[in-house]
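Chains, contacts and geometry: an overview
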Amino acid sequence: MHIKFSLLLILLFFNNKNYAQHEIAKITEVYKNRIITPDEVLPLVDEEHNRYALLLLKNREIDGFLFNSKNEIEGKLSLEGKARSYKQVLGKSILENQDFVVYLTNKRRKKFASSRLSFATNQIAFHEIDLDLGNEDILQTAEYNNKFHILTIVPKTSTIHIYRFENDKDFTKHVLDFSDHSFLNRKQKIANLYDMITVNSGFYGLDRSIDLVRIKKDDPTTLEVACNPTKIYQNENYITITMDNNHDVTQLIDIDLASLTGNANSFHQSMVNWAYRDKNSNSFVDEDILYQIESTRQVLHLKAQNFRTGEFINEHSAHENENIKFKNSSIVQTGGTFDNHRTFEETSVLLRKMNRGKIGIAVQNQGENKLISYGGVIEKNTNTGMVMPGFGIPIAAFGSVTIFFNPTFFAYQSYTATKAIQVDALFNSAFEHQSGQLKENIFDKIENFEIENKSSPAGRTVFKMNGAYILGNYDAFNRTYKLRSFN
């Protein structure tokens, strides 16, 4: 009986692993020989019509494949002679006739173009766009209501410009001025919005670069990303920018793409009686809820409130000499020099290590509850590659697709490089702690699959379609590009 029961458990284990992922599609005989591999793969998702396309980019060549709702290839196109000066992908839109439009820029982000992809006619139309940003810096791009938007900021001001594209080349410009709001920097001095969301860069710090990490709703977010003091989110028509440079307050910009309006607001942290220099703080936005974290060497505090209505929801605290009551895991440290995985139970250890670096909080849905991770980054990535401001991750680890266009892929890539001390906890919508088991992170499933199957990094992409995460890899030996779905 014991042997039969053990065999049953083994069978159930392997069945569950198989159910966790399965191959949904593949493209055979992609290239003529096994030496050639794609430089990058660009996913174009059209959930409204339950379809998606993959663009395989190789030097000057583009090979496109359109998949229907059954993951069957129903269209192909190819093009040689891609303009070399437009190598960075900004985003996409979908026209009324269901053509895809991909928006491009050059390395300096001073020239712009678009590629209109028609699988119905097997054609790609290339257009240079008459857009002159002058000295404006691009904050981020956004797609809403099948319209593509570029958000920029004018240096040394609090003025944001939104460029809305009606098709593959025509756009309108809209101005949002936040100069009436007083922003406070980390030195407790009034600053403009540009200075709040930029960092010194270039040789001798003579230049400034935009320092906003993009958070995609429901994607797992690592603490290494969440610990950045400035973040940008999109939830349907809303673009939200949070700034936690000042440890007394979370400062927030909320932009409505539907009405092309915006407002600025500030939300104080709770530990007002502690000296400013003794505190560390950060925040995270999930839909219309602002989650704030604050800590010293003696106490940890979490708070949730609705930042659009101002409604207070709930808060939790833990002191150094007491156990944390709002957690569903041990205190876990990953990425150490000598020990890659260590666990603790003492709150004092967590607070001491959080105090040594940046702290953060990240939120994602887990059924009816919220899985909230909190802690801090205690060691930065020491790779000698060029580092993106605020990301702590080498640019070489990401292709041009990732920076603006595919935040899910960026989230997955950064997830595998995290070095942090972290606690995981479940909360309900009223921010009340819930007991229960934590589910395996979807990025854990994908990473474990890649490790176990020794998946090639060639052409790797990760994107989301109808609630499932899709992993794409190129198998050079069989000249096949494979897509697998993970739930």
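Note that the structure is predicted; figures quoted are calculated from it, not measured.

1. Concerning the overall build of the protein
A tally of regular secondary structure across the protein gives seven helices and 35 strands. In the protein, which comprises 487 residues, the share counted as buried stands at 52%. Of all intrachain contacts in the protein linking residues separated by at least 6 positions in sequence, the fraction that spans at least 24 positions is 52%. Carbon and sulfur atoms make up 47% of the accessible area of the protein, which amounts to about 23200 Å² in all.

2. Structural notes on unusual backbone geometry
For Lys156, which is not glycine, the phi dihedral falls at a positive 65°. Turning to its location among the elements, Lys156 is positioned in the loop between strand S11 (147-153) and strand S12 (159-165).

3. Some remarks on the pattern of salt bridges
Throughout the structure, instances matching the rule amount to 15 salt bridges. The shortest N-O distance in the salt bridge between Asp195 and Lys156 comes to 3.5 Å. Taken as a pair, Asp195 in helix H2 (residues 193-196) and Lys156 in the loop between S11 and S12 lie far apart in primary sequence, 39 residues in all. Residue classification places Asp195 among the partly exposed positions, given a relative accessible area of 27%. The exposed category is assigned to Lys156, whose relative accessible area is 53%. Of the charged contacts in the structure, one is a salt bridge between Lys217 and Glu287, with a shortest N-O distance of 3.2 Å. Of this pair, Lys217 sits in the loop between strand S18 (213-216) and helix H3 (223-226) while Glu287 sits in the loop between strand S23 (280-286) and strand S24 (289-295), and the two are 70 residues apart along the sequence. Given the relative accessible area of 27%, Lys217 is considered partly exposed. Here the salt bridges share partners, and the residues they tie into one network are Asp99, Arg116 and Asp168.

4. Details of the packing of aromatic side chains
Overall, the coordinates contain 16 aromatic pairs when judged by the stated rule. Here the aromatic rings of Phe100 and Phe119 are separated by 6.3 Å at their centres, their planes lie at 90°, and the arrangement is edge-to-face. You can see Phe100 sitting in strand S7 (residues 100-105) and its partner Phe119 sitting in the loop between strand S8 (112-118) and strand S9 (123-129), a full 19 residues away along the chain. Note on Phe100: relative accessible area 0%, which makes it buried. Measuring from ring centre to ring centre gives 5.7 Å for Phe443 and Tyr469, while their planes differ by 80°; the resulting arrangement is edge-to-face. Of this pair, Phe443 sits in helix H7 (residues 442-452) while Tyr469 is found in strand S34 (residues 468-475), placing the two residues 26 residues apart along the sequence.

5. Description of the sheet that holds strand S25 (residues 299-306)
Spatially, four strands are ordered S23-S24-S25-S26 in an open sheet, and the strand pairing comes out antiparallel. Each edge of the sheet is formed by a strand with only one pairing partner; in this case those strands are S23 and strand S26 (312-319). Each strand of the sheet is rotated relative to its neighbour by a mean of 10°, with strand direction disregarded. Relative to S24, S23 runs antiparallel, the two being bridged by seven bridges.

6. Let's talk about the nonpolar core
Counting 41 residues, the largest nonpolar core has Leu300, Leu350 and Tyr374 as its most contacted members. Here the element with the most residues in this core is strand S31 (residues 420-427); it accounts for five residues. Each residue touching Leu350, except ones within four places of it in the same chain, is listed here: Leu300, Ile324, Ile331, Tyr374, Ile421 and Val423.

7. Observations concerning the environment of Arg109
Tracing the backbone through its elements, the reader meets Arg109 in the loop between S7 and S8. On the accessibility criterion, Arg109 (28% relative accessible area) is partly exposed. Measuring from C-alpha to C-alpha, the distance between Arg109 and Gln88 comes to 8.4 Å, with 21 residues separating the pair along the chain. Looking at Arg109, its side chain comes within polar contact range of the side chain of Gln88, at 3.0 Å.

Definitions and cut-offs
Throughout this document, residue positions are counted from 1 along each chain, in the order its sequence is written. Local features in this predicted model are restricted to residues whose pLDDT is 70 or higher, and side-chain atom pairs enter the listing and the counts only when it is 80 or higher, whereas totals over whole chains, interfaces and linings include all residues. By convention in this description, side-chain values take in all heavy atoms of the structure and omit both hydrogens and water. Numbering of helices and strands runs from the N terminus; a helix is a DSSP stretch of H or I covering at least four residues, while a strand is a stretch of E covering at least two. A 1.4 Å probe rolled over the protein chains alone gives each residue an accessible area, and that area as a share of the maximum for its type sets the label: buried under 20%, exposed over 50%, partly exposed in between. Residue contacts follow a heavy-atom distance rule, with two residues in contact if any of their heavy atoms lie within 4.5 Å. Surface exposure here means Shrake-Rupley accessible area, sampled with a 1.4 Å probe, where a residue is shielded only by the protein chains that are shown. Counted as salt bridges are all cases of a side-chain nitrogen of Lys or Arg within 4 Å of a carboxyl oxygen of Asp or Glu. Working definition: rings of Phe, Tyr and Trp (its six-membered ring) pair if their centres are within 6.5 Å, and the pair is stacked with planes under 30 degrees apart, edge-to-face with planes over 60 apart, and tilted otherwise. DSSP calls a pair of strands paired once it identifies at least 2 bridges connecting them. What counts as an axis is a line fitted to C-alpha atoms, over the stretch in contact for a helix, and the angles between N-to-C directions run from 0 to 180 degrees. Note on terminology: a nonpolar core comprises buried Ala, Val, Leu, Ile, Met, Phe, Trp, Tyr and Cys residues joined through side-chain atoms within 4.5 Å. In protein, a polar contact requires one atom able to donate a hydrogen and another able to accept it; more generally it is a pair of N or O atoms within 3.5 Å, and residues adjacent in sequence count only if both atoms are side-chain atoms.

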